[in-house]
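Next come the chains, spelled out residue by residue.
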Amino acid sequence: MNNLINFKIDGISVEAKKGETILTVARRHDIYIPTMCYISKTTPCASCRMCVVEAKGVEGFVLSCNTPPTQGIEITTNTAELEKERTNIMKLYDVNHPLECGVCDKSGECDLQNKTLEFGVSSQNFTARDQSRKIEDWGLISYDPSLCILCEKCVHVCNEVIGDDAIDVKFGGYSSTIIPKNADTLDCTFCGECIAVCPVGALISSDFKYSANAWELTSIPATCAHCSAGCPLEYETKYSGIDNGSESIFRVKNNFEFTSLCGAGRFGFDFDNHAPKSENAFTNAVTAVKGAKAIRFSSMITNEEAHTLELLKEKLGIKLFNEDARKFQDFMNSYSSISGKKHHSGSLDAIKQADAVIVIGSRISTDNPGVRYAITTARKHNGAKIVYAHPIEDTLLKNTATQFLKYEVGTEEGVLALIADAILKEADLSDRERAFFNDLDLGYLAAESNIGDEEIALMMKSFARAKNKVLVVGNDLMAHERSRNIAKLSAMIEKYSPFSLVVIPSEVNTLGVSLINSLDVDEEMADNVVGYNEKGNFVISSLEFANLSIPSLNQQEGTFVSIDNRVLPTNVALSFDGYTLNDIALACGVKTKNTVEYTKMLSSASGFKNREFDSLENFLSPYGDDNRGYLLDEVTCAMNGELEEIGDLPEFNGTVIYHSNPVLQFNAYTNKTKQLEKDNTLKGSAQFAAAARISDGDKIEISFGSRVIQREFKLDNSLKGTVALNPTFDNRVDASRYRFEKSKIVRVIHE
Amino acid sequence: MKNEQFNNRDVSDSYFLVDIPDYPTDGWGKFTRVVKRTFRGELFVGLWVVLREMIKFDIHTVQYPLEKMPIGPRYRAVHEMKRLWESGTERCIGCGLCEKICISNCIQMDTKIDENSRKEVSEYSINLGRCIFCGYCAEVCPELAITHGGRYENGSEQREHFVMYEDMLTPIDALKAGKQLEFEGFGAITPHEDERVKKTPLSY
Ligand code: SF4
Ligand code: SF4
Ligand code: SF4
Ligand code: SF4
Ligand code: SF4
Ligand code: FES
């Protein structure tokens, strides 16, 4: 069957696929049609009418951005009438537009400026009584209505890609503006995507405002260092002051046409390390490493650093501790033992194109905003059914999730078994595997996990017509004591059903570390442990209180492995005067001059291609193709795993806390930045407060496991139930623990 | 975006030291240096020229620095920053065009948002050691804020020497006294400019 539509644009024969519009086809063939409101990643805003074209046999003009072509139609994109129409639109846009390009932050990269020059609008021919419009300060974002051209791009991204749906157009003819939706001031997740897409200077970062001109900034293509979504971004740097030779990052930009950033990536860029160079500290570090029994390190490092650590391990015969990556590795090994391959099959793109998604075991909108945006895109653009399975409801998903499966804390294994059972009803399983499902005590699982038959049935019904399905599993599952069996169940779903699987690595390079390092169980020994961006007896770190300072991730080149199984390069945005891990390795007898020489040595047994760092690209094509780095090769593994019987489902009673960060906070690096809010209170519902006998604003002491920490308690009315959210970004909790924890909470009374 | 520029990892300084013998540190060394420098032949050549002119008695030299030649209004010496005549506010809006256009890269500025939500220049310096006094900055300035002045004496002990925003700005009392001079060099408005401005039609 031929699904292609053949037609002509400006005499050139072209073909359109189903769902394409005249504009997308034209762009694909490099035929220029001017637009002011079009943005590839959303549905057409269709507000500017710049994209008009003529179609043979059709009266009047056609909007190319939202019209699909019909078979055989002949389109003309450029005639005198069209030119006149477009020029008139530009003249209208320019009516009373303040002539403040001289100070406007957008100057030099402003669509209105460009198009005004392109259409030669040099004077104002139309009139309108101007109005007084107040500049709004919305926290990280400020809005100047007199610059706004009402293209509606911001509203579309916020609603269709981000999912906050926080802003709206207030219609009123010439006095139309953008307003916070149903609120006095903007209360959203502050991703800043609206700033990025705004073609003019109407929406601007409050921090950046008036601090530099676009053309003075140097762009450094990099990869976001905060979570495993691995979003592409550009750090923009300039000298930090006239009396100061050093540079600093002024802002972060992204290719907003095709990709999105969350606020941590966009506003949390100043985590660079600036400790003075100390030779003494270096000598001590070398001694400490040589005498160490183990190195404990975090996953916020590049693949090359991970490889260096591995070499040190071989050379010095020490142990490597990284609980977060080890648990992930363990999970993936169990996964491989069933699926027969090393890497999960899904990706963010697969989620965007899906029409059915299950998310389990993650508070996704704060754990990994990249996944959240992919889900929102699937929901808004494909009408996907989104099932969110978690013990705690998330109001941020209210516009996205179509079904909420609330299960009891700790029963993840049971829940996944129920889901797998439903999905694999008809699947062609081996006898042993079928026997496993036949032996399931569904009644017990349903009762303990609190997931009813009808909920599962409803889910299956809503998926009935779906073709592209994705299962997303989060890191509640990785740190679960039954994580191995959970991994196997996930692998079963991926193997025997159309579902593809995405496993969310918890930190930016958890996946990379898990592929590179052979990790040992952290024995928490009392001495001779060197911490690398982690706790230890001697700390080598890019954070505060380090015995030896090393560069942060925006001061390093190297690669990460993202959730897409893609090896992504990142570059040096700011220089660092001091020592790196490679210097220590050199001093310990590992011989490689530059850290990036390790890029080509990364193990092909894990799927790395032996490619030089310098050969890795970092850009998206004008059509949106991802040319960043490379995808890991698939690696086959032995299929020697067996499903185990489901264990007893645990019960968590009383005041339970869940280690989960507030929006835009991830780790000690985001905690270090100037703009991101640092709310490290314990947040709980009124029900939780009643159970713990505390109230809003109380200073409390939380004990769990062997730890005791102090925090303030904040009542959060968007939460329900008896689980409170305990942040980990301030490093007071080891983030690799199972995220739900029975706790004891007492009020601290100060005399 | 291509990555080539990031592939050069040679971070060694491109500066090098000129081959100058070390300065003497001991007394004898210093003494011989003074003697060597003082009793060079060239000294007497200069002295002879002065003596010759003195005994001729028809001197045309301007008695600089007591006496100075008048400077034409279009002369391009050390920059000035002008104020608005009516309000006295600084004309510079911090647009950064002068910084961008400067071919010797000697202007550096920092801007920020001020308490009235306007763009404000917080720091501004011109490295006069690099400036070639081409006048581009004055020409590009949309506000007629940066101009050239007549102060051409900028001797200094070192090559890098800077003039700051505050030094260039017309003092407020000079403005009140009507002493601010408009610049007539290129970039200044031409006479009869008013007649050429296209007026925006108003609906009221
Ligand atoms: S910052 Fe993000 S969430 Fe907030 S209004 Fe803008 S697009 Fe929406
Ligand atoms: S604020 Fe910007 S993006 Fe939003 S409607 Fe106005 S011009 Fe368009
Ligand atoms: S923190 Fe994650 S979602 Fe946010 S910009 Fe960075 S990589 Fe993307
Ligand atoms: S006169 Fe020329 S060289 Fe000097 S600051 Fe102005 S633009 Fe730069
Ligand atoms: S060009 Fe003029 S207005 Fe612009 S920054 Fe320079 S001096 Fe100020
Ligand atoms: S791009 Fe089609 S209406 Fe704006």
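If you're wondering where the values come from, they're calculated on a predicted model, not measured in any experiment. (Residues numbered from 1 in each chain as written. Chains lettered and ligands numbered in written order. Predicted model: local features only at pLDDT ≥ 70, side-chain atom pairs only at ≥ 80, totals over all residues. Heavy atoms only, no water.)

Asks: Quick question: what am I supposed to make of a nonpolar patch on the surface here?
Replies: Residues Val 45, Trp 48, Val 49, Val 50, Leu 51, Met 54, Ile 55 and Phe 57 of chain B make up a contiguous nonpolar surface patch of roughly 850 Å² in combined accessible area. Examined against the element boundaries, Val 45 of chain B turns out to sit in helix α2 (residues 42-56). (Patch = residues over 30% accessible without salt bridge, like charges linked within 9 Å, V, L, I, M, F, W, Y side chains within 5 Å. Areas by Shrake-Rupley, 256 points an atom, 1.4 Å probe, with all protein chains shown as cover. Salt bridge = Lys/Arg side-chain N within 4 Å of Asp/Glu carboxyl O. Helix = DSSP H or I, 4+ residues; strand = E, 2+ residues; numbered from the N terminus.)

Asks: Would you take a moment to explain the pattern of salt bridges for this structure?
Replies: Where charged atoms of side chains with opposite charge meet at close range, the side chains can pair. Residue and element names in this part refer to chain A. Applying the stated criterion across every chain, the model contains 46 salt bridges over all chains. Of the charged contacts in the structure, one is a salt bridge between Glu 644 and Arg 482, with a shortest N-O distance of 3.7 Å. Separated by 162 residues along the polypeptide, Glu 644 in the loop between β26 (630-631) and β27 (656-659) and Arg 482 in the loop between α17 (475-478) and α18 (483-496) bring together distant segments of the chain. With relative accessibility at 33%, the residue Glu 644 sits in the partly exposed group. Since its relative accessible area comes to 22%, Arg 482 is described here as partly exposed. Salt-bridge contacts for Arg 737 lead to Glu 741; the nearest nitrogen and oxygen are separated by 2.4 Å. Here the residues in one salt-bridge network are Glu 109, Glu 236, Arg 251 and Lys 253, joined through shared partners. (Buried < 20%, exposed > 50% of the residue type's maximum accessible area, 1.4 Å probe, protein only.)

Asks: Explain the packing of helix α13 (residues 412-423) of chain A against helix α16 (residues 453-462) of chain A to me, please; I cannot follow it from the model alone.
Replies: For any two helices packed against each other, the geometry comes down to the angle between their axes and how far apart the axes lie. Residue and element names in this part refer to chain A. Running from N to C, α13 and α16 cross one another at 45 degrees; their axes reach a closest spacing of 10 Å. Relative to α16, the element α13 lies oblique. Along this stretch, α13 crosses α16, giving a crossing that reads as right-handed. On α16, the residues touching Leu 418, Ile 419, Ala 422 and Ile 423 of α13 are Ile 456, Met 459 and Met 460. (Axes fitted to C-alpha atoms, helices over the stretch in contact; angles between N-to-C directions. Parallel < 35°, antiparallel > 145°, perpendicular 65-115°, else oblique. Left-handed = near helix turned anticlockwise from the far one by under 90°. Contact = heavy atoms within 4.5 Å.)

Asks: Please clarify how the site of ligand 4 should be interpreted in this entry.
Replies: Around ligand 4, a shell composed of 13 residues is seen, among which Cys 102, Ser 104, Cys 131, Cys 134 and Cys 137 of chain B lie nearest. Residue classes in the shell around ligand 4 are distributed as nine nonpolar, four polar and no charged. (Near = heavy atom within 4 Å. Nonpolar A, V, L, I, M, F, W, Y, C, P; charged D, E, K, R; others polar.)

Asks: Would you explain the sheet that holds strand β4 (residues 61-63) of chain A in this entry?
Replies: Two modes of strand pairing occur in sheets, parallel and antiparallel, and in both the strands are linked by backbone hydrogen bonds. All names here are of chain A. Taking strand neighbours across the sheet as the criterion, the five strands line up as β2-β1-β5-β3-β4 in an open arrangement whose pairing is mixed. Single-partner strands in this sheet number two, and they are β2 (12-16) and β4. Here the strands of the sheet are splayed against their neighbours by 40 degrees on average, with no regard to which way each runs. Relative to strand β5 (residues 74-76), strand β3 (residues 52-55) is paired through two bridges, and the arrangement is antiparallel. Looking at β5, one finds that Ala 55 is bridged to Ile 75. Sitting on the sheet, helix α2 (residues 80-94) is in contact with β3, β4 and β5, with an inclination near 155 degrees to β3. (Pairing = 2+ DSSP bridges.)

Asks: Any chance you could explain the interface of chain A and chain B here in plain terms?
Replies: Accessible area lost during the coming together of the parts is what is often quoted as the interface size. Each side of the interface is counted separately: chain A has 37 residues, and chain B has 32 residues. Of the roughly 2,900 Å² buried where chain A meets chain B, counting both sides, 50% is carbon and sulfur surface. Here chain A is connected to chain B by zero salt bridges. If you look at where chain A meets chain B, you find seven residue pairs in polar contact (both at pLDDT 80 or more). Of all the secondary-structure elements, those providing two or more residues to the side of chain A that touches chain B are β11 (218-223) and β12 (232-241) of chain A. (Buried area = accessible area lost by both parts, 1.4 Å probe. Polar contact = N/O pair within 3.5 Å; in protein donor to acceptor, adjacent residues only side chain to side chain.)

Asks: Teacher, can you tell me more about the side chain of Asp 520 of chain A here?
Replies: Note that Asp 520 of chain A resides in the loop between α19 (510-516) and β21 (529-532). Non-local contacts of Asp 520 of chain A, meaning those with residues more than four positions away in its chain, are made with Lys 313, Lys 319, Leu 320, Phe 321, Glu 323 and Arg 326 of chain A.

Asks: For this particular structure, what's the right way to read the domain arrangement of chain A?
Replies: Annotation of chain A at the domain level lists domain 1 (5-93), domain 2 (327-503) and domain 3 (656-747). Its C-alpha centre places domain 1 of chain A at a distance of 52 Å from the equivalent point of domain 3 of chain A. (Domains from an automatic or database assignment.)

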